[in-house]
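# Architecture at a glance
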Amino acid sequence: MSTDQIVCKTCRKPKAPYSCGLCEEAICKSCAQFLGEDHFTFLRVLPKELTHTIYCYNCFDDNVATPLADYNQTMEKAKDVLIFTKAQTKLTRLLKRVEDPYHVENCEDEQEALLKMSFYAVQDKFNALIDVSTKAKKIIVGSHKKAVWDATAVPINVNPNEIRES
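In this text, all values refer to a predicted model and were calculated from it rather than measured experimentally. (Residues numbered from 1 in each chain as written. Predicted model: local features only at pLDDT ≥ 70, side-chain atom pairs only at ≥ 80, totals over all residues. Heavy atoms only, no water.)

### Quick word on the packing of aromatic side chains
Overall, the coordinates contain six aromatic pairs when judged by the stated rule. Taking 5.1 Å as the distance between ring centres and 50 degrees as the angle between the ring planes, the aromatic pair formed by tyrosine 71 and phenylalanine 119 counts as tilted. Separated by 48 residues along the polypeptide, tyrosine 71 in helix α1 (residues 57-78) and phenylalanine 119 in helix α3 (residues 110-123) bring together distant segments of the chain. By relative accessible area, which is 7% here, tyrosine 71 ends up buried. Relative accessible area serves as the criterion here: at 1%, phenylalanine 119 is assigned to the buried category. Ring centres of tyrosine 102 and tyrosine 120 lie 6.0 Å apart, and the angle between their planes is 75 degrees; this geometry places the pair in the edge-to-face category. Of this pair, tyrosine 102 sits in strand β6 (residues 102-107) while tyrosine 120 sits in helix α3; the two residues are 18 residues apart in sequence, bridging distant segments of the chain. What makes tyrosine 102 buried here is its relative accessible area of 11%. Cluster of aromatic residues (ring-pair linked, three or more members): Phe40, Phe42, Tyr71 and Phe119. (Phe/Tyr/Trp six-rings, centres within 6.5 Å; stacked < 30°, edge-to-face > 60°. Helix = DSSP H or I, 4+ residues; strand = E, 2+ residues; numbered from the N terminus. Buried < 20%, exposed > 50% of the residue type's maximum accessible area, 1.4 Å probe, protein only.)

And the structure:
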């Protein structure tokens, strides 16, 4: 079939230049649902159906809309996670550290590293990160220099009213 005869699965317009990542049906630009590559970046394991960037309406509604809403909701909750650095150990000295610490590597900046660990904490039903430590590593490639960040933290559930300075 030549490209002139390809019609959109949804609106039946000719010359549909895109194809759905899941069902691989031809779709036009106005019927395509575009999902940027920066979505779902904090998920530990990315399901195969969420790896595509173009979807038809049906596949988007059936396979992507709910996980995208859940991801965005988790991201909003991650912004409210309490963070206590190693320098604030005086505040957290009585809290039990039973969970294994989170480790993130090669983040673009310190805020991304903290947000990623906060995202993991929300996924695992925690509301705070304690003993947070971040470290920048310089990477030099030729004349280009940049820093990547590594971070470590212990997830925990705390009552914010119980944390007080002594």
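### What to know about the pairing of strand β8 (residues 144-156)
Consecutive side chains along a regular strand alternate between the two faces of the sheet. Examined bridge by bridge, β6 and β8 share four bridges and lie antiparallel to one another. Bridge pairing in β8 links tyrosine 102 to alanine 153. As judged from the twelve bridges shared by strand β7 (residues 128-141) and β8, these two strands associate in the antiparallel manner. Directly across from valine 141, in β8, lies its bridge partner histidine 144. Between the end of β7 and the start of β8, which pair antiparallel, lie two residues, with glycine 142 showing a positive phi angle near 65 degrees. (Pairing = 2+ DSSP bridges.)

### A short note on the sheet that holds β8
Here four strands make up an open sheet; going across it, the order is β5-β7-β8-β6 and the pairing mixed. The open sheet has two free edges, formed respectively by β5 (82-85) and β6, since each of these has just one partner strand. If you compare each strand with its neighbour and ignore which way they point, the axes differ by 35 degrees on average. Where α3 meets the sheet, its contacts fall on β5, β6, β7 and β8, and the angle it forms with β6 comes to roughly 145 degrees. (Axes fitted to C-alpha atoms, helices over the stretch in contact; angles between N-to-C directions. Contact = heavy atoms within 4.5 Å.)

### With respect to α3
For α3, which comprises 14 residues, the first-to-last C-alpha distance of 20 Å matches the rise-based estimate of 20 Å (1.5 Å per residue) to within 8%. If you check which residues of α3 are buried, you get Ala113, Leu114, Lys116, Met117, Ser118, Phe119, Tyr120, Ala121 and Val122. After α3 finishes, the residue lysine 125 shows a positive phi value of roughly 70 degrees. (Expected span 1.5 Å × (residues − 1).)

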